[in-house]
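# Secondary and tertiary structure notes
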Amino acid sequence: MALPYLEAVLCFMILMYIFETYLDIRQHRALKLPTLPKPLVGVISGENFERSRAYSLDKRLPVLTFYAHLTSSSWFWKKSGELATNVGLNAENEIIHTLAFLAGVILWSQITDLPFSLYSTFVIEAKHGFNKQTIWLFIRDMIKGILLSILFGPPMVAAIIIIVQNGGPYLAIYLWGFMFALSLLMMTIYPIVIAPLFTNSLLFQKESSHSNAYMYGFFKNKRIVLYDTLIQQCCHEDEIVSVIAHELGHWKLSHTLYSFVAVQVNWLLYWSLVFWSNCSPTANR
């Protein structure tokens, strides 16, 4: 009896959703407790704890989303093909039809997400003193994100479709190889092309008062990013040095490399499961 890969993947996704929802419910209940947890007594003040708790509760407010599940709608797939034909494109071409379909999905997502993004940025973040964005910056960054999707999306989608059409029995390996090469490319161009589009400098962050620092990249392309708000909160140079030392520790212990390898293993398993689920006898019932 053949292993029902498709059913196994779907069951796993459902179980993961249930488990993550359970964790979310537990976290929400914990945030509603007004008393400082014993391990934090003497570590942070009651005032800072209350501010953090109030912010976390506001961020976790349930939000109703009005998605029409377009990604699984045969009706929308048909309509996107008709739209492509109406503008003079060949809807029989799988790449063109898929790009038209995804363009509609992205447009719908932008429209439905916009009110919640505005509320999160200009109400919740502003209420707790974290927002530094203006409407102009918000719109500009949104437009930049859309343009980047237009620039990088079609070539990636086209490449994946071509691989699927011609991959044969080694489809999973070819798809993983493509994602591996794409990951290396993105990690190379992100610090010098993409990140500067959204920040004045790789060392400063202008749109939020949240403090953070992180490291990414390989070999000579490594970067340590410090938010300006983090620097402002440090009273002594030793504190800034300790933050940088912490990030250098990630490099010394090869955390970035381990994370990259873990992601690649995950991609390989994912594409293998997708391929086997579509090739299994139960997938065509």
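Residues numbered from 1 in each chain as written. Predicted model: local features only at pLDDT ≥ 70, side-chain atom pairs only at ≥ 80, totals over all residues. Heavy atoms only, no water.

## Notes on the pattern of salt bridges
In plain terms, the rule: One side-chain nitrogen of Lys or Arg within 4 Å of one carboxyl oxygen of Asp or Glu is enough to make a salt bridge. Secondary structure elements follow DSSP: runs of H or I of four or more residues count as helices, runs of E of two or more count as strands, with numbering from the N terminus. Burial classification: accessible surface area is computed with a 1.4 Å probe over protein chains only, and a residue below 20% of its type maximum counts as buried, one above 50% as exposed, and the rest as partly exposed.
Applying the stated criterion across every chain yields a total of 2 salt bridges. For Glu50, the salt bridge goes to Arg53, with nearest N and O atoms at 3.0 Å. Of this pair, Glu50 and Arg53 both sit in helix α2 (residues 46-59), 3 residues apart, which is roughly one turn of that helix. Assessed through its relative accessible area of 14%, Arg53 is described here as buried.

## Describing the nonpolar core
Selection criterion: As used here, the term nonpolar core means buried Ala, Val, Leu, Ile, Met, Phe, Trp, Tyr and Cys residues forming a set that is joined through side-chain atoms within 4.5 Å. Contacts were defined at the residue level, with two residues in contact if any of their heavy atoms lie within 4.5 Å.
Judged by nonpolar contacts, Ile163, Leu171, Ala172, Leu175, Phe178, Met179, Leu182 and Trp271 together constitute the single largest core of 8 residues. No other element matches the 6 residues that helix α6 (residues 171-198) contributes to this core. Those residues within four positions of Trp271 in sequence are excluded, and the remaining contacts are Ala172, Leu175, Trp176 and Met179.

## Points about unusual backbone geometry
Leave glycine aside and you will find that most residues have negative phi; peptide bonds, for their part, are mostly trans. A positive phi is found at Ser254, a non-glycine position, where the angle reads about 60°. Judged by its relative accessible area of 26%, Ser254 is partly exposed.

## Things to note about α2
Cut-off, in case you're wondering: Expected span of a helix, by definition, is 1.5 Å for each gap between consecutive residues, and there is one gap fewer than residues.
Over its 14 residues, α2 runs 20 Å from end to end, which matches the ideal 20 Å to within 8%, given 1.5 Å per residue. What α2 keeps buried is the set Phe49, Arg53, Tyr55, Leu57 and Asp58.

## Structural notes on the UniProt feature "binding site: Zn(2+)" (unreviewed entry) in the protein
Heads up, the rule is: UniProt positions are given in the numbering used here, feature names are shortened, and annotations may be inferred rather than shown by experiment.
Within this numbering scheme, the UniProt entry marks His246 and His250 as carrying the feature "binding site: Zn(2+)" (unreviewed entry). Tracing the backbone through its elements, the reader meets His246 in helix α8 (residues 237-252). Relative to the elements of secondary structure, His250 occurs in helix α8. Leave out the neighbours within four places in its chain, and His250 touches His255 and Thr256.

## Structural notes on a nonpolar patch on the surface
This is how it is decided: Within the patch definition used here, like charges are joined within 9 Å and nonpolar side chains (Val, Leu, Ile, Met, Phe, Trp, Tyr) within 5 Å, considering only residues with over 30% relative accessible area and no salt bridge. Method for areas: the Shrake-Rupley scheme with a 1.4 Å probe, in which residue coverage is limited to the protein chains shown.
Taken together, the side chains of Ile135, Ile139, Ile143, Ile146, Leu147 and Ile150 present a nonpolar region at the surface, about 510 Å² in accessible area. Topologically, Ile146 is positioned in helix α5 (residues 135-166).

## Examining the environment of Ser117
Among the secondary structure elements, Ser117 is positioned in helix α4 (residues 94-127). Counting along the chain gives 21 residues from Ser117 to Phe138, while the straight-line C-alpha distance between them is 9.5 Å.

## A few points about the UniProt feature "transmembrane region" (unreviewed entry) in the protein
Under the UniProt annotation, the feature "transmembrane region" (unreviewed entry) is placed at residues 6-23, 98-124, 145-165, 171-198 and 257-276. End-to-end, the C-alpha atoms of residues 98-124 are 37 Å apart, and along that stretch the chain is 100% helix and 0% strand. Counted over residues 145-165, helix gives 100% and strand 0%. Its end C-alpha atoms are 29 Å apart.

## Observations regarding the packing of α4 against α5
In helix packing, the relevant descriptors are the interaxial angle and the interaxial distance, both defined with respect to the helix axes. Put simply, the rule reads: Helix axes are fitted only over the stretch in contact, all axes being lines through C-alpha atoms; the angle between N-to-C directions runs from 0 to 180 degrees. Angles below 35 degrees are treated as roughly parallel, those above 145 as roughly antiparallel, those between 65 and 115 as roughly perpendicular, and all remaining angles as oblique. Should the near helix be turned anticlockwise from the far one by less than a right angle, the crossing is termed left-handed; should it be turned clockwise, right-handed. In this count, Pro and Cys sit with the nonpolar residues alongside Ala, Val, Leu, Ile, Met, Phe, Trp and Tyr, while Asp, Glu, Lys and Arg are called charged and the others, Gly among them, polar.
Between α4 and α5, the least distance of the axes is 11 Å, while the angle of their chain directions is 150°. On the basis of the axis angle, α4 is roughly antiparallel to α5. Where α4 crosses over α5, the two elements pack in a sense that is right-handed. Taken together, the residues of α5 that come into contact with α4 (itself represented by Glu94, Ile95, Thr98, Leu99, Leu102, Gln110, Leu114, Ser117, Leu118, Thr121 and Phe122) are Ile135, Phe138, Met142, Ile146, Pro154, Val157, Ala158, Ile161, Ile162 and Gln165. Here the contact of α4 with α5 is composed, by residue class, of 15 nonpolar, 5 polar and 1 charged.

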